[in-house]
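Observations on the model geometry
If you want the building blocks of each chain, they are given just below.
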Amino acid sequence: MSGPTPLSLYIHIPFCKSKCAYCDFASWPGKEAVWEAYFAALCGEIRAAGDGAHRVETVFFGGGTPSVVPEKHIAAALAAAREAFPFAPGAEVSLEANPGTLTMEKLRAYREMGVNRLSIGVQSFDVRLLRDIGRIHTPGEAVEAVRMAREAGFVNIGIDLMYGLPGQDVPTWEATLKTAVSLPLKHVSAYALIVEAGTPMAAREGELPGEEATLAMQRLGTRALAAAGFARYEISNYARSGFACRHNAVYWRRGEYLGFGCAAHSFFAGERFCNPSHLEDYLRGARRVARERVDGEAAREETLMLSTRMCEGLSLGRWREEFGGDFRAGREGALERLARAGLLEVCNGRLRLTERGMEVHNAVVLELLCAGAG
């Protein structure tokens with residue numbers, strides 16, 4: 001008799017202290033008046049979705065800035081999840097935090113309620129860059145946040161960094177990396193800036209480093225983090241052994257997850273759906289809009305696109321089991337060309353992109369998709 005099906009939960013906290021210049025997520029500052037109503041709705045949504053057929057393996061509180069709200073609200077949402085679903089022993093419970101909103105009191109409360117992984121949004125250790133992109137913390141506060149988290153008993157601590165920022169150069173990025181690897185971290189996410197339409201950053205594209213400089217920063221990050229013991233396991237993510245983010249891996253492996261809260265996305269029972277992105281609509285009770293069944297060719301495209309983001313790559317055996325055919329069929333020529341170009345390799349039943357291949361991930365995936373069309 002099989003046991004409960006693994007499930008992950010994403011819980012969106014759409015509040016922040018101020019909006020960063022690059023952010024296009026569903027998040028708003030100055031909404032303290034609706035916090036109580038939001039968390040009442042959120043906890044109700046979580047409880048209504050519960051069942052005993054699924055066992056929660058990971059939970060991720062994202063935002064916005066989850067650490068901006070009083071810790072009692074996070075505790076209530078996590079308690080609602082535990083009421084609604086059985087939790088696996090050792091379930092990973094992650095919380096995103098901003099260094100400018102963390103206190104020792106909050107950190108100890110997170111530990112007590114069961115949060116066991118922190119993802120701290122540092123972005124840079126350069127004071128000018130932080131100010132320029134609208135972050136509310138200083139480099140010193142970021143370092144202190146990591147120190148406090150460790151003192152509060154957290155072991156699994158990660159930070160987010162960004163490169164390709166306006167006015168950033170390779171030496172500035174190198175200095176941030178040096179500070180990062182000096183801290184007691186288990187995980188580092190290093191993201192290239194993506195300029196989203198409608199954000200303040202979109203008006204500053206002329207100030208961004210060129211492609212070559214941005215690529216140099218990416219390569220430097222991979223080398224520096226590897227030298228410090230952080231193995232790359234996904235295009236933008238690095239971890240010490242045993243500390244890869246289990247929750248994010250669910251996304252890349254197309255595992256099932258339910259999203260709760262304003263603008264939260266889900267993938268469950270072969271469907272993708274989301275909650276409304278407007279806070280007022282969510283508070284009025286709108287849920288699970290824009291449903292889309294993902295099967296056939298769409299499922300194959302997603303599997304290829306997501307699995308090749310990870311260094312483990314695409315399992316050819318799993319592809320055969322799921323889609324009933326050999327991945328190589330119709331793609332031999334493309335695989336040979338890409339392998340000769342040093343962009344991918346096929347070995348031990350897996351297709352993996354090389355470091356060079358990850359630099360042009362979308363182009364590699366597009367060629368493989370076109371080769372297999374029809």
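This report concerns the structure included in the present document. (Residues numbered from 1 in each chain as written. Predicted model: local features only at pLDDT ≥ 70, side-chain atom pairs only at ≥ 80, totals over all residues. Heavy atoms only, no water.)

Section: the packing of helix α2 (residues 71-84) against helix α3 (residues 104-113)
It is at 10 Å that the axes of α2 and α3 come closest, and there the two elements cross at 10°. The pairing of α2 with α3 is recorded here as roughly parallel in orientation. Between α2 and α3, the contacting residues are E71, I74, A75, L78 and R82 on the first element and E105, K106, A109, Y110 and M113 on the second. (Axes fitted to C-alpha atoms, helices over the stretch in contact; angles between N-to-C directions. Helix = DSSP H or I, 4+ residues; strand = E, 2+ residues; numbered from the N terminus. Parallel < 35°, antiparallel > 145°, perpendicular 65-115°, else oblique. Contact = heavy atoms within 4.5 Å.)

Observations concerning the packing of aromatic side chains
As enumerated under the stated definition, the model contains 10 aromatic pairs in all. Measuring from centroid to centroid gives 5.6 Å for Y38 and F39, while their planes differ by 85°, and the two rings are edge-to-face. Here Y233 and W252 contribute two aromatic rings whose centre-to-centre distance is 6.2 Å and whose plane-to-plane angle is 65°, an arrangement assigned as edge-to-face. Of this pair, Y233 sits in strand β7 (residues 231-234) while W252 sits in helix α8 (residues 246-252), placing them 19 residues apart in sequence. With respect to burial, Y233 and W252 carry one shared label: buried. Every member of this aromatic cluster is reached through a ring pair, and the members are F15, W35, Y38, F39 and Y282. Its guanidinium or amino end placed over the ring of F230, R240 lies 4.1 Å from that ring's centre, counting from NZ or CZ. It is R331 that lies over the ring of F327; its NZ or CZ is 4.2 Å from the centre. (Phe/Tyr/Trp six-rings, centres within 6.5 Å; stacked < 30°, edge-to-face > 60°. Buried < 20%, exposed > 50% of the residue type's maximum accessible area, 1.4 Å probe, protein only. Lys NZ or Arg CZ within 6 Å of the ring centre and 35° of its normal.)

Observations concerning the sheet that holds strand β13 (residues 314-315)
Pairing is antiparallel in the open sheet, where three strands are placed in the order β13-β15-β14. With one partner strand each, in any of the chains shown, β13 and β14 (344-347) form the two edges of the open sheet. Here β14 pairs with strand β15 (residues 350-353) via four bridges, running antiparallel. Bridge assignment links C347 to a residue of β15, and that residue is R350. (Pairing = 2+ DSSP bridges.)

Topic: the layout of surface pockets
In this structure, the second largest pocket occupies an estimated 150 Å³ of space. Along the wall of the second largest pocket there are 13 residues; nearest its centre are R253, T303, S307, L314 and R318. Of the residues that constitute the lining of the second largest pocket, the class distribution is three nonpolar, four polar and six charged. (1 Å grid on protein atoms, 1.4 Å probe; cavity = no way out; pocket = protein on both sides within 12 Å on 5 of 7 lines; lining within 4 Å. Points joined across faces, edges and corners; volume = space filled by probe spheres on them. Nonpolar A, V, L, I, M, F, W, Y, C, P; charged D, E, K, R; others polar.)

So, unusual backbone geometry
Excluding glycine, a negative phi dihedral is what most residues carry, and trans is how most peptide bonds are arranged. Along the chain, G63 connects to G64 via a cis peptide bond; the corresponding omega equals 20°. Of note, R288 is a non-glycine position whose phi angle comes to about 50°, a positive value. Structurally, R288 can be placed in the loop between α9 (279-283) and β12 (289-293). In this model, N348 sits at a positive phi of 50°, which is unusual for a non-glycine residue. Structurally, N348 is set in the loop between β14 and β15. N348 sits in the exposed class, given a relative accessible area of 76%.

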